[in-house]
Amino acid sequence: MKTLDKIPTGKIERASQLVKTGFKVGGNYVAYYGKKMVNPTLNRDKLNENNAEDIYDGLKNLKGSALKVAQMLSMDKSIMPQAYVEKFSLSQFSVPPLSAPLVRKTFKKYLGKFPEEIYDSFTPDAMNAASIGQVHKATKDGEKFAVKIQYPGVAESISSDLALVKPFATRMFNIKGKDSDKYFKEVENKLLEETDYLLELKQSIEISEWCGEIQNLRFPKYYPELSSEKILTMEWIDGEHLSEFTSHNEDRSKGDKIGQAMWDFYMYQMHHLKQVHADPHPGNFLIDKDGILVAIDFGCIKHVPNEFYVPYFELAKPEIINNPKLFNAKLYELEILRLDDTKEEVVYFTKIFYDLLSLFTKPFHEDFFDFSDEVFFGKIAQMGEDFAKDTQLRKMNGNRGSKHFLYINRTFFGLYNLLHDLKARIDTKSFEKYIS
């Protein structure tokens, strides 16, 4: 794979790259509508494929938060066209890596030595490369290490990247109103946290210890003495990324075992720790040779305040959802309904969220749930399509809900999709034994 000797870090440099991408996408639309005039039955599959290719190619050399947005979008399989999901999912662990000279320069700057002065061996080429950093393999005193190195300029470009993305996001998600900045600030703060490898080191060690009793789940060992704010060293664990495992696994019992470990891991974090690994994509999980789930990245941890946690999970209870008065009260608590809403908006958004939550909370209503259920996921996909086509929704203020929804909903969408890929059948109450 081609390596990068330089990453654009200046605002103008990065903006010009996005503008070039915009011109390519515009050209794709012109070509599509020209062909559509000749062939009215032409669908958008090729257009989506070309756009996904051009957008990904534009973002992969920028790295950082621009590429992270693509990674986040790739998790939402129920809404994004398949061409985008397939292309953007490459940002999880397969993008052009930094060149060896740039890696050596980063080591010298942040650890005071070159890699060969620290380790007995160090692969000059990255084993994996993602949106914020890349991973090299190293050895020292007979032990194997995974060494994650952050791309230069990532933290410094987050604010300017989000400022460039903001106009597109406001249109895509129909965000309006004077308080819309709270959502962008939430994303910015989380992305900044992900660039702090000392924070990630602390979070990794803590969660490894707190969740160490969960069956069929393991974590790497971390090495503070070989880490810094831009370099993170952990134990190397051989295994397949979860997406590689699910692509060939035909053993339902293995999928059940791994899925149960993942469900228990997330529910224990959510309900006991009140903080959660909020980046559940396949690149952050390995399956080792014994079929054990390995969690390997804790850069994005979302803390769940009690004032959000309580009403959020009360909405998972049928006795709340099916009681109009109680349901309405919870919608106000979670800022889904607002005091300045018109009667029309109250009726409209109450129905939308009743339909959405009645479906999405279904796994919490049963002691066992089969995440291979295509009917369940088909309904979620259909609901996403209906929202996208809803002209009434576009006219209304789409700026809805507490800022905490951004990462909590992202967590559950990602978790559901991973469990679906595993075709896992889950005991939804199993996690409770670790709490008690």
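Our structure's up above, just so we're on the same page.
Residues numbered from 1 in each chain as written. Predicted model: local features only at pLDDT ≥ 70, side-chain atom pairs only at ≥ 80, totals over all residues. Heavy atoms only, no water.

Across the interface, helix α14 (residues 324-333) lies against helix α15 (residues 343-360) with an axial gap of 11 Å and an inter-helix angle of 100 degrees. Classified by the angle between their axes, α14 and α15 sit roughly perpendicular to one another. Where α14 abuts α15, its residues Phe-327, Asn-328, Leu-331 and Tyr-332 lie against Val-346, Thr-350, Phe-353, Tyr-354 and Leu-357. Across the contact of α14 with α15, the residue classes tally to seven nonpolar, two polar and no charged. (Axes fitted to C-alpha atoms, helices over the stretch in contact; angles between N-to-C directions. Helix = DSSP H or I, 4+ residues; strand = E, 2+ residues; numbered from the N terminus. Parallel < 35°, antiparallel > 145°, perpendicular 65-115°, else oblique. Contact = heavy atoms within 4.5 Å. Nonpolar A, V, L, I, M, F, W, Y, C, P; charged D, E, K, R; others polar.)

Now for the pattern of salt bridges. Between side chains of opposite charge, a pair can form when the charged atoms approach closely. For the structure shown, the criterion picks out 19 salt bridges. Where Asp-367 meets Lys-429, a salt bridge forms, and the shortest distance between an N and an O atom there is 3.3 Å. Taken together, the residues Asp-367 in the loop between α15 and β12 (368-370) and Lys-429 in the loop between β13 (425-427) and α19 (432-435) connect sequence positions 62 residues apart. A relative accessible area of 47% means that Asp-367 is categorised as partly exposed. The partly exposed category is assigned to Lys-429, whose relative accessible area is 34%. (Salt bridge = Lys/Arg side-chain N within 4 Å of Asp/Glu carboxyl O. Buried < 20%, exposed > 50% of the residue type's maximum accessible area, 1.4 Å probe, protein only.)

Moving on: the packing of helix α11 (residues 252-273) against helix α18 (residues 405-422). α18 packs onto α11 with a crossing angle of 165 degrees between their chain directions and a minimal axis gap of 9 Å. By the angle between their axes, α11 is roughly antiparallel relative to α18. Crossing of α11 over α18 shows left-handed handedness. Between α11, through Gly-255, Ile-258, Gly-259, Met-262, Trp-263, Tyr-266, Met-267 and Met-270, and α18, the contact on the second element is made entirely by Ile-408, Thr-411, Phe-412, Leu-415, Leu-418, Leu-419 and Leu-422. Of the residues belonging to the contact of α11 with α18, the class tally is twelve nonpolar, three polar and no charged. (Left-handed = near helix turned anticlockwise from the far one by under 90°.)

What follows covers the nonpolar core. Counting residues in each nonpolar core, the largest one holds 75 residues, and the members touching the most others are Met-262, Phe-265, Phe-285, Leu-293 and Phe-412. It is α11 that provides the largest number of residues to this core, a total of ten residues. (Core = buried A, V, L, I, M, F, W, Y, C linked by side-chain atoms within 4.5 Å.)

Looking now at helix α12 (residues 306-314). What α12 keeps buried is the set Phe-308, Tyr-309, Pro-311, Tyr-312, Phe-313 and Glu-314. Against α11, α13 (318-321), α14 and α18 lie the buried residues of α12.

This part covers the sheet that holds strand β7 (residues 240-241). Taken together, four strands build an open sheet; the order of strands is β5-β10-β9-β7 and the sheet is mixed. The strands lining the two open edges of the sheet, one partner per strand, are β5 (217-218) and β7. Direction of pairing for strand β9 (residues 285-287) relative to strand β10 (residues 293-295): antiparallel, over a ladder of three bridges. Within β10, the residue paired with Leu-286 across the bridge is Val-294. (Pairing = 2+ DSSP bridges.)

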